[in-house]
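Geometric and topological summary
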Amino acid sequence: MNRIAIGKTGLKVNRLGFGGIPIARVDESQAVETVLHAVESGVDFIDTARNYKTSERRIGIALQQTNKRVVLASKSQGRTADDIRADLETSLKELQKDYLDLYQCHFVRDDQVYQEIIAPGGALEGLMQAKQEGLIGHIGLTSHSLDLLERVVDEGLFETIMVCYSFLEPKAKESIIPKALAKNIGVIAMKSFSGGVVDDPQLALKYVLSQPDIIIIPGVETKELFDQNRKVFQGSYSLSPAEKLKIETIRNRYGKSFCRRCDYCQPCSEEVPIQLILGVRSALKRFGKSFLQEGWPREAIDKARICSECGECLERCPYQLPIPDLIKENLEWVDEQLKA
Ligand code: SF4
Ligand code: SF4
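Thresholds applied
- Residues numbered from 1 in each chain as written.
- Chains lettered and ligands numbered in written order.
- Predicted model: local features only at pLDDT ≥ 70, side-chain atom pairs only at ≥ 80, totals over all residues.
- Helix = DSSP H or I, 4+ residues; strand = E, 2+ residues; numbered from the N terminus.
- Buried ≥ 20, exposed ≤ 12 C-beta atoms within 10 Å, placed from the backbone.
- Contact = placed C-beta atoms within 7 Å.
- Domains from an automatic or database assignment.
- Nonpolar A, V, L, I, M, F, W, Y, C, P; charged D, E, K, R; others polar.
- Pairing = 2+ DSSP bridges.
- Axes fitted to C-alpha atoms, helices over the stretch in contact; angles between N-to-C directions.
- Near = placed C-beta within 6 Å.
- Core = buried A, V, L, I, M, F, W, Y, C linked by C-beta atoms within 7 Å.
- Parallel < 35°, antiparallel > 145°, perpendicular 65-115°, else oblique.
- Left-handed = near helix turned anticlockwise from the far one by under 90°.

Further remarks concern the overall build of the protein. When helices and strands are counted, the protein shows 15 helices and 10 strands. The principal-axis extent of the C-alpha atoms belonging to the protein is close to 55 × 50 × 45 Å. Here the protein, with 340 residues, has 46% of them falling under the buried criterion. Contacts in the protein between residues far apart in sequence, at least 24 positions, make up 75% of those at least 6 positions apart.

Here we come to the domain arrangement of the protein. Assigned domains of the protein: these are domain 1 (3-239) and domain 2 (274-339). Computed over C-alpha atoms only, the centres of domain 1 and domain 2 are separated by 25 Å. Every contact between the two is made by 7 residues of domain 1 and, on the other side, 6 residues of domain 2. Looking at the side of domain 1 that touches domain 2 residue by residue, the classes come out as 4 nonpolar, 2 polar and 1 charged.

The next point concerns the sheet that holds strand β10 (residues 215-216). One open sheet accounts for 8 strands, arranged β3-β4-β5-β6-β7-β8-β9-β10; its pairing is parallel. A strand with exactly one partner marks an edge of an open sheet, and here the two such strands are β3 (18-19) and β10. Set on the sheet, helix α5 (residues 123-132) makes contact with β6 (100-105) and β7 (136-142); between it and β7 the angle comes to about 160°.

A separate point is the site of ligand 1. Contacts to ligand 1 come from 14 residues, most closely from Cys 268, Val 272, Cys 307, Cys 310 and Cys 313. Elements with a minimum of two residues in the shell around ligand 1: α14 (312-316) and α15 (323-339). The residue makeup of the shell around ligand 1, split by class, is 8 nonpolar, 3 polar and 3 charged.

This part covers the site of ligand 2. In the vicinity of ligand 2 there are 14 residues, among which Cys 259, Cys 262, Tyr 264, Cys 265 and Cys 317 approach most closely. Within the shell around ligand 2, the residues separate by chemical class into 10 nonpolar, 1 polar and 3 charged.

Among the nonpolar cores identified, the biggest contains 98 residues, and Val 35, Ile 161, Val 163, Val 187, Ala 189, Ile 215 and Ile 277 are the most heavily contacted of them. Of the domains in this structure, domain 1 (3-239) and domain 2 (274-339) are the two that each give at least three residues to this core.

On to the environment of Arg 281. Assignment of secondary structure puts Arg 281 in helix α12 (residues 280-287). Judged by local crowding, Arg 281 falls into the partly exposed class, with 17 C-beta atoms found within 10 Å. Measuring from C-alpha to C-alpha, the distance between Arg 281 and Val 334 comes to 8.2 Å, with 53 residues separating the pair along the chain. In contact with Arg 281, other than residues within four places in its own chain, are Asn 330 and Trp 333.

Cis geometry marks the peptide bond from Gln 266 to Pro 267; its omega dihedral reads 5°. For Pro 267, the location among the structural elements is in the loop between α10 (241-254) and α11 (274-278). Non-glycine residue Arg 261 carries a positive phi angle of around 55°. The residue Arg 261 is located in the loop between α10 and α11 in this model. A count of 19 C-beta atoms within 10 Å places Arg 261 in the partly exposed class.

For the rest of this paragraph, the subject is the packing of helix α2 (residues 55-63) against helix α3 (residues 81-95). Contact geometry of α2 with α3 gives a least axis separation of 7 Å together with a crossing angle of 40°. Taken together, the axes of α2 and α3 lie oblique to each other. Contacts from Glu 56, Arg 57, Ile 59 and Gly 60 of α2 reach α3 at Ser 91, Glu 94 and Leu 95. Looking at the contact of α2 with α3, its residues break down into 2 nonpolar, 2 polar and 3 charged.

What follows concerns the packing of helix α8 (residues 201-209) against helix α9 (residues 223-234). Look at α8 against α9: their axes get within 10 Å of each other, and the N-to-C directions meet at 40°. The angle between α8 and α9 places the two elements in the oblique class. In this structure, α8 crosses over α9, and the sense of that crossing is right-handed. Across the interface between the two elements, Gln 202, Leu 205, Lys 206 and Leu 209 of α8 pack against Gln 228, Asn 229, Val 232 and Phe 233 of α9. For the contact of α8 with α9, the class distribution of residues is 4 nonpolar, 3 polar and 1 charged.

Pasting the structure below:
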């Protein structure tokens, strides 16, 4: 597997990493077996998160069964120093480690959250303290907003960024990826399969792999799916005319319904979490049905029900998505799933 440096962290990993979401939706033995298989096959970068349910614990169990060295990354949505410290301690316990290579401020959606985490007493301060104590090696940030990432890269407070990148969301390739790489900030690409929307994972993978110097972290829940990804990784990334045509067809099909999670449509006067509700189908694919019944997804669904169809968000969406209609469709779909 070809190896790259993660920015200036001094870490070197294979470009094909492992994303920790899908292993949370299968039984534990299958999850552990899948992680072990990936690691034994050469994966040496694993990314998980505090809020990926059982993911950290299962990765921890798998890593106890191998001597292979893995660069381990996790993340938390704690916004204060105390909250992220508490989450980091839980991550270490779940992963059965006393040190993590990378800990990231997770899902920093906009400038307001960014200001919160970099302020005195914020998450960044908590992670810097943890780094000084030798609990973590490096500090990163993940966001769906290219505008925010632009600022993060400019300010240079974080050693890695995680960005959405796929053929349905190719914009990062022109802006944030080259900019971050030029500043020697490590780039981890997420959502290669556009959150499960693209039903041709091999094509999706080929597309993102053709962008050099970034780590990709496709998540899989079986050994077979991992082997399919590895096969793509080991092959040629050049796209045939038929594959390019297929990409165009998929782009056209989803152009007016795929939410890029940029949040330009906010603020909504009713506080509807638009991107969460528009992404509910792909979230269910990734996290499993129980995801709909508890925590923030449940709250997001309840809030979406109060959409007044005022239409204010329509003007703000750069992709002209028919947001109120999509909210309605998704809520109907959620109700069907909950009934089934
Ligand atoms: S149409 Fe619905 S989601 Fe959009 S701004 Fe109005 S209340 Fe919010
Ligand atoms: S609805 Fe449009 S503006 Fe809102 S997050 Fe999705 S793509 Fe961005």
